[in-house]
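# Coordinate inspection notes
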Amino acid sequence: MHQHHKEVMKIGKKVVLVGNPNVGKSAIFGLLTGRYVMVSNYPGTTVELMQGYATFDKETLLIDTPGVNSLLPMSEDEKVTRDILLNEEIETVIQVVDAKNLRRGLLITIQLAEMGLPFILNLNMEDEARSRGISIDSKKLSEEFGVDTVATVATQKKGINNLVQKIRDSRASSYRMEYSRDIEEGIKKIEGILPDTNISKRSIALMLIAGDKSLSEWLYKHLSKKDISRIEKIRLDIQRGYDEPLGYIINTQRLECLDGILEKAVTRSETDTFTISEKIGSLSMHPVFGVPILIFVLFLMYKFVGEFGAQTMVDYFEGVIFGEYVNPWSIKVVEALIPVGIIQELLVGQYGIITMALTYALAIILPVLATFFIAFGILEDSGYLPRLAIMVNRAFNVIGLNGKAVLPMVLGLGCDTMATMTTRILETRKERIIVTLLLALAVPCSAQLGVILGMLSGVSLKAGIIWAGVMIMVLLVIGYLASLIVPGKGSDFILELPPIRMPHLENIVVKTLARIEWYLKEAVPLFILGTLILFTFDKIGLLSVIEEAASPVVVGFLGLPREATAAFLIGFLRRDYGAAGLFALQMDGMLDPIQILVSLVTMTLFVPCIANFFMIIKERGVKIAILMVSFIFPFAFIIGGILNFLLRYFEVVL
Ligand SMILES: Nc1nc2c(ncn2[C@@H]2O[C@H](COP(=O)(O)OP(=O)(O)OP(=O)(O)O)[C@@H](O)[C@H]2O)c(=O)[nH]1
Ligand SMILES: [Mg+2]
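All residue numbers here refer to positions counted from 1 along the written sequence of the relevant chain. As a convention, the first chain written is A and the first ligand written is 1, with the rest following in written order. Totals for whole chains, interfaces and linings use all residues, but because this is a predicted model, local features are given only for residues with pLDDT of at least 70 and pairs of side-chain atoms are given and counted only at 80 or more.

## Digging into the overall build of the protein chain
What counts, and what does not: Helix and strand definitions here come from DSSP, where helices need a minimum of 4 consecutive H or I residues and strands a minimum of 2 consecutive E residues; each element is numbered from the N-terminal end. The quantity called the radius of gyration is restricted to C-alpha atoms. Its globule counterpart is 2.2 Å times the number of residues to the power 0.38. By the criterion used throughout, residues are in contact when their C-beta atoms, derived from the backbone, lie within 7 Å.
Secondary structure summary: the protein chain contains 29 helices and 9 strands in total. Its C-alpha radius of gyration of 28 Å places the protein chain within 12% of the 26 Å reference for a compact globule of 654 residues. Projected onto the principal axes, the alpha-carbon positions of the protein chain cover approximately 80 × 50 × 50 Å. When contacts within the protein chain are restricted to residue pairs at least 6 apart in sequence, those whose partners lie at least 24 apart make up 75%.

## Looking at the pairing of strand β3 (residues 60-64)
Note the cut-off: Each residue is classified by how many other C-beta atoms fall within 10 Å of its C-beta atom, where C-beta atoms are placed from the backbone; a count of 20 or more means buried, 12 or fewer means exposed, and values in between mean partly exposed. Two strands pair under a simple rule: DSSP has to find at least two bridges between them.
When you tally the buried positions in β3, you get 5 out of 5 residues, the bulk of the element. Of the two faces of β3, the one lined by Thr60, Leu62 and Asp64 and the one lined by Leu61 and Ile63 are each fully buried. Here strand β1 (residues 13-19) pairs with β3 via 5 bridges, running parallel. When the sheet's bridge partners are listed, leucine 17 is paired in β3 with aspartate 64.

## Quick look at the environment of glycine 30
Tracing the chain through its elements places glycine 30 in helix α1 (residues 25-33). For glycine 30, the contacting residues outside a window of four places in its chain are Arg35, Tyr36, Val37 and Val39.

## Side note on the site of ligand 1
As a reminder of what qualifies: Only the C-beta atom matters for this test: placed from the backbone, it must lie within 6 Å of a molecule or strand for the residue to be near it. Lys, Arg, Asp and Glu make up the charged group, whereas Ala, Val, Leu, Ile, Met, Phe, Trp, Tyr, Cys and Pro make up the nonpolar group; the residues left over, Gly among them, are polar. For every domain, the bounds stem from an assignment made automatically or drawn from a database.
Every one of the 27 residues lining ligand 1 counts as a neighbour, but Gly24, Ser26, Asn41, Thr46 and Gly67 are closest to it. Contributing elements (two or more residues each) for the shell around ligand 1: α1 and α4 (126-131). Take the shell around ligand 1: its biggest share by element is 3 residues, from α1. Taken together, the residues that form the shell around ligand 1 break down as 9 nonpolar, 14 polar and 4 charged. Counting the residues that make up the shell around ligand 1, at least three belong to each of domain 1 (13-172) and domain 3 (290-493 + 502-649).

## With respect to the packing of helix α21 (residues 446-457) against helix α26 (residues 575-587)
The test is simple: Every angle, taken between N-to-C directions, lies between 0 and 180 degrees, and every axis is a line fitted to C-alpha atoms, over only the stretch in contact when it is a helix. Throughout this description, any angle smaller than 35 degrees is read as roughly parallel, any larger than 145 degrees as roughly antiparallel, any in the 65 to 115 degree range as roughly perpendicular, and the remainder as oblique. A crossing counts as left-handed when the near helix is turned anticlockwise from the far one by less than a right angle, and as right-handed when that turn is clockwise.
The geometry of α21 relative to α26 is characterised by a closest axis approach of 8 Å and an angle of 20° between their N-to-C directions. As summarised for this structure, α21 and α26 are arranged roughly parallel, according to the angle between their axes. Relative to α26, the crossing made by α21 is left-handed. Side by side, α21 and α26 meet where Ala447, Gln448, Val451, Ile452, Gly454 and Met455 of the first sit next to Arg575, Asp576, Ala579, Ala580, Leu582, Phe583 and Gln586 of the second. Tallied by class, the residues present in the contact of α21 with α26 amount to 8 nonpolar, 3 polar and 2 charged.

## Things to note about the nonpolar core
Note the following rule: By our criterion, buried Ala, Val, Leu, Ile, Met, Phe, Trp, Tyr and Cys residues that link up through C-beta atoms within 7 Å make up a nonpolar core.
The biggest cluster of nonpolar side chains holds 121 residues, and the ones touching the most others in it are Ile365, Leu438, Val451, Leu597 and Leu600. Counting residues per element, this core draws most heavily on helix α15 (residues 353-382), at 19 residues. Excluding residues that lie within four positions of it along the chain, valine 451 makes contacts with Ile364, Ile365, Val368, Asp576, Ala579, Ala580 and Phe583. Val16, Val23, Ile209 and Ala210 belong to the second-largest nonpolar core, a separate cluster that totals 71 residues.

## Quick notes on the pairing of strand β2 (residues 50-53)
When a strand is regular, its side chains alternate between the sheet's two faces. Where β2 meets β3, 4 bridges bridge the pair, whose relative direction is antiparallel. Note on β3: the bridge partner recorded for methionine 50 is aspartate 64. Where β2 folds back onto β3 in an antiparallel hairpin, the turn is made up of 6 residues.

## Observations concerning helix α5 (residues 138-145)
Three or four residues apart is the spacing at which side chains of an α-helix point the same way, because the helix has 3.6 residues per turn. For clarity, the threshold we go by: In this description, one arc is meant: the one made by directions from the helix axis to the C-beta atoms.
Among the residues of α5, those classed as buried are Leu141, Glu144 and Phe145. Burial along α5 is one-sided: seen end-on, the buried residues are contained in an arc of 80°. The inward-facing, buried residues of α5 contact α3 (102-115), β5 (118-124), β6 (134-136), β7 (149-151) and α11 (246-265). Positioned one or two residues after α5, glycine 146 has a phi angle of 70°, which is positive.

## Quick notes on α1
The buried fraction of α1 is high, at 8 of 9 residues. Looking only at α1, the buried set comprises Lys25, Ser26, Ala27, Ile28, Phe29, Gly30, Leu32 and Thr33. As for α1, its buried residues are in contact with β1, β2, β3, β4 (92-98) and β5.

## Quick look at the environment of glutamine 239
Relative to the helices and strands, glutamine 239 resides in helix α10 (residues 225-239). Remark: the alpha-carbon pair of glutamine 239 and methionine 502, spanning 263 residues in sequence, is separated by 47 Å.

## With respect to the packing of helix α20 (residues 429-442) against helix α28 (residues 610-620)
One can describe the packing of α20 onto α28 by two numbers: an axis separation of 11 Å at closest approach and a directional angle of 175°. Accordingly, the angle class assigned to the pair α20 and α28 is roughly antiparallel. Contacts from Ile433, Thr436 and Ala440 of α20 reach α28 at Asn612, Ile616, Glu619 and Arg620. Residues that form the contact of α20 with α28 fall into these classes: 3 nonpolar, 2 polar and 2 charged.

## Quick word on the confidence of the model for the protein chain
To be explicit about the condition: How sure the predictor is of each residue is captured by pLDDT, a score from 0 to 100.
Confidence in the prediction of the protein chain, expressed as mean pLDDT, is 89, and 96% of residues score 70 or more. Within the model, the stretch residues 1-6 combines pLDDT values under 50 with 8 contacts to residues more than four positions away or in other chains.

## Re the environment of leucine 600
For leucine 600, the location among the structural elements is in helix α27 (residues 593-605). Spatially, the C-alpha atoms of leucine 600 and valine 451 are 9.6 Å apart, while their sequence positions differ by 149 residues. Not counting residues within four places of it along the chain, the set of residues in contact with leucine 600 comprises Ile452, Met455, Leu456, Trp467 and Leu582.

## Section: unusual backbone geometry
Outside of glycine, negative phi angles account for most residues, and trans bonds account for most peptide bonds. Phi at asparagine 22 is positive, roughly 65°, even though this residue is not glycine. Residue asparagine 22 is classed as buried on the basis of its C-beta count, with 25 C-beta atoms lying within 10 Å. Phi is positive for methionine 125, close to 60°, though the residue is something other than glycine. By the element assignment, methionine 125 lies in the loop between β5 and α4. Given 24 C-beta atoms within 10 Å, methionine 125 falls into the buried group.

Have a look at this one:
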């Protein structure tokens, strides 16, 4: 969706934004560079490095990083952030802190101070801190750490100029905390072994003592085997003195130090009264009241996306704009200008680029997609999604996943490809594999969901409930089986809950436009490609051969008309395009209600799109990707066939 570069650009002074998840780093990055990167109200929005030159100085390269809870990485995205501090020569670090959650933020400040990197403390979300009665004595804080502090409210563009001023004369912190004697001695010994790098030996020694496994690659590059085992021995000697792991001990000592600082720098006025947003927030996670709230949210989405988007808007775009104007005119123009029959057909025939690819893309999918993006953007920014994750946590525990894993799945409703990348926030390989599989299998992305919602709303509520029921059952059963097969263990459930917030119109608009732009750039060319393939197959007679060959499955097993084969074929490229093909069949009256339901269930279980497939390869490797796909395709058809059999056997009226 956005450009990303694995390698950090070499030119320019590097300024890195670092901080806890969901504190506003990307919002600040956007203000400093004028480049839009996704800003959403949940942790893990950014999972890779984003770069851009500053608007105030073209020589300054700003780098946005994934949020971290500590510079001792627990997951892949956190490692990205630590590694950039470790490996790049950095001019300044801007540590973005959530001002209402200073304790969490200062834990990172201590580590930045230890690294010896020049940095400034950016107290963001000042507005929310104030409304919660938290006031921060930033002078005190500056004195304690020996660095500048700047208060900002990124959403209101407040304090940004100040921030820019301070970047120029940032300095390394004078703060130094003392750990217990055994640890301090260990640090000294390890410092004697370590080579010089961008960050202080003390900070690396502490990471090693804390048991940072993600450093092993770095160690093997810089040290001999003998030195590495010497370090490990030092670590084990210290560990012998404690029952808890050293990482935990070090953290506890840091927090103790912090509490001293917080006492001096933060005052809270008593505001025990629950704000309305907090009330809504806790109700939405309530085991009982949460359910009607969820149903209400789904109902609103259905009204807006399913009815307004997929019916009213599609009818208008398909029926009026394309049906009465674009397509008839195109046909006239093409026939008048190009007298070559085959080219006419290529453009405006049954499998024509205008009459099929563009009509599906712009008249059927785009209206539902646009409404879905708006609705989803509002949900993202409201802070509801992580609460939804908590609500369904229990069900997911059964299948060996925790609530943090639900987040990528919910995000999959927006885009499965992006969500597959977001699995980086998960801590164990097992969780990442299971979530990747479930995303590809049973989580329809926005484009698809919109088309499906639209088609189902043309059948009945019952059909919709059966469709959703099948998806949920597949999720739970396959998730459960996968958790038995995939080795490894899950992790504990820790999910930072962002506050419930009024979404910002500006962000929703910008985000929706960014997503539509992405759809036009990424998906539409694939639609055209798919149409070209169908056109060619049709012309050389291959299409009817394939229809014939697939007939036992499509016609016999699934009980669909043979024309549906073409929809499944293009569904290989993107399942929303396939679904649009089914939509077109439905509008032509070629599918009865059972056929609609069966074809939709089968299509939903397909791999979402080629892009998702490549993302699975990139994130999980070729072997796992192929394994997944060779499971998914037969599985999709089998479930569709079983459903067809059951519906017909019990003579279900939809
Ligand atoms: N009220 C308020 N909201 C803010 C402020 N800054 C950012 N936000 C909101 O906080 C949420 C998180 O912002 P992001 O910029 O995505 O946070 P991030 O630190 O990049 O998050 P990750 O990429 O997940 O680590 C969004 O909903 C923003 O609109 C602020 O100063 N005040
Ligand atoms: Mg971000």
